[in-house]
Amino acid sequence: MKLGIVSDIHEDYESFEKAVDFLSTKNIDHLIIPGDFILKPYTKEDFEEFKKTEDQKRFLEKFFVNSKNILEESKKILDNSEIPYLIVPGNYDITSINDVFQLKNIDNIKTNLDGLNIFGYGGSDSYAEHMYPFRDFLTRFDHEGLYNALDENKPDIILLHNPPYKLCDDLYDGRNVGTPAAKIYIINKMKEDKGEEPKLVIAGHIHEAGPTGKNPNGVKGVKRFGNTVIVNPGNVGRFGLFEFGTLKPVIPMDKLEYGTFSEVDINGSVNKVTHFSVKNNEIKTLEEIVFN
């Protein structure tokens, strides 16, 4: 089975569509999207109007309409590919994402993927500055809830937004910020030695732990932990950090890497992971990792 993994789109439909189009030429069986479709669900003008009128209801109405439109644009690209796909929401994505993706959204759901069980759990417990005031409307993340769900479902493949702790979660300064819940679950399954370790964990969220390796720990989007392979495809979409309200760039989008995505060959266990880059209308193979 061949999986195409594209994450952290952040409204960069151009890069997203090119990655999906390329994967459609590779005889991909399924597209897997670990979330973060959204980047800026409100505009500077929306916020200025809110400051003048103090009409919170109108501001939030625009926030939700903008968010839904962003999600629908990404869904259109996925639907047009005609490749079966599954998603989980990221920490930028609103709780009503299910209204758009419906059964394609496997947040806190187990389903079958060509004979392998896959379980999804979206979101994270961190929020960007310009999104923090809206955290109650974004996908929730609960570490204990994740562990309990994994222990109940015992999936072959885990689809997260937030990576497991110290497994493709390395920030630009070397800190590890992933969820301990998934890491502890894998360790416990290793100790039980019943062959129930997940074969594959797919996550995004931490862009610099993806194939570009913009972290001091040498992590480039793949780690093996026992019999489990963890894949972080990085961010296919252009990305920046912004001030709340004004959306003034704290870190401009042209200063950060983007454009990566991955392909996973899995047949009983993971055989191969290939990382790609899409920039300037050109697709490049970055690295191919083969597992024995």
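The coordinates are above.
Residues numbered from 1 in each chain as written. Predicted model: local features only at pLDDT ≥ 70, side-chain atom pairs only at ≥ 80, totals over all residues. Heavy atoms only, no water.

Draft legend 1. Local environment of the side chain of Asn105. As for its position among the elements, Asn105 is in the loop between helix 4 (98–101) and strand 4 (109–113). The exposure class of Asn105 is buried, given its relative accessible area of 6%. Separated by 3.1 Å, the side chain of Asn105 and the backbone nitrogen of Asp107 make a polar contact. Apart from residues lying up to four places away in sequence, Asn105 is in contact with Ile87, Val88, Pro89, Ile97 and Asn98. (Helix = DSSP H or I, 4+ residues; strand = E, 2+ residues; numbered from the N terminus. Buried < 20%, exposed > 50% of the residue type's maximum accessible area, 1.4 Å probe, protein only. Polar contact = N/O pair within 3.5 Å; in protein donor to acceptor, adjacent residues only side chain to side chain. Contact = heavy atoms within 4.5 Å.)

Draft legend 2. Focus on the sheet that holds strand 8 (residues 222–225). Reading across the sheet, the six strands line up as 4-5-6-7-9-8 and stay open at both edges, with mixed pairing between neighbours. The outermost strands of the open sheet, each flanked by one partner alone, are strand 4 and strand 8. Along the sheet, successive strands turn relative to each other by an average axial angle of 20°, direction set aside. Examined bridge by bridge, strand 8 and strand 9 (residues 228–231) share four bridges and lie antiparallel to one another. Of the residues in strand 9, the one forming a bridge with Phe225 is Thr228. Along the sheet, helix 5 (residues 143–153) contacts strand 4, strand 5 (116–121) and strand 6 (157–160); its crossing angle with strand 5, the most-contacted strand, is approximately 165°. Running over the sheet, helix 6 (residues 180–192) touches strand 6, strand 7 (200–202), strand 8 and strand 9 and is turned about 40° from strand 8. (Pairing = 2+ DSSP bridges. Axes fitted to C-alpha atoms, helices over the stretch in contact; angles between N-to-C directions.)

Draft legend 3. Fine view of the layout of surface pockets. Of the pockets and cavities examined, the largest pocket occupies roughly 850 Å³. Around the largest pocket, the lining is made up of 33 residues, and of these Leu171, Tyr172, Glu208, Phe239 and Leu241 lie nearest the centre. Of all the elements in the fold, those that place two or more residues in the lining of the largest pocket are strand 10 (241–242) and strand 11 (249–251). A per-class count over the lining of the largest pocket returns 14 nonpolar, nine polar and ten charged. Volume-wise, the second largest pocket comes out at about 160 Å³. Residue lining of the second largest pocket: 13 residues in total, with Pro198, Lys199, Asn227, Gly268 and Ser269 positioned closest to the centre. (1 Å grid on protein atoms, 1.4 Å probe; cavity = no way out; pocket = protein on both sides within 12 Å on 5 of 7 lines; lining within 4 Å. Points joined across faces, edges and corners; volume = space filled by probe spheres on them. Nonpolar A, V, L, I, M, F, W, Y, C, P; charged D, E, K, R; others polar.)

Keep in mind that these numbers describe shape and distance, not what the molecule does.
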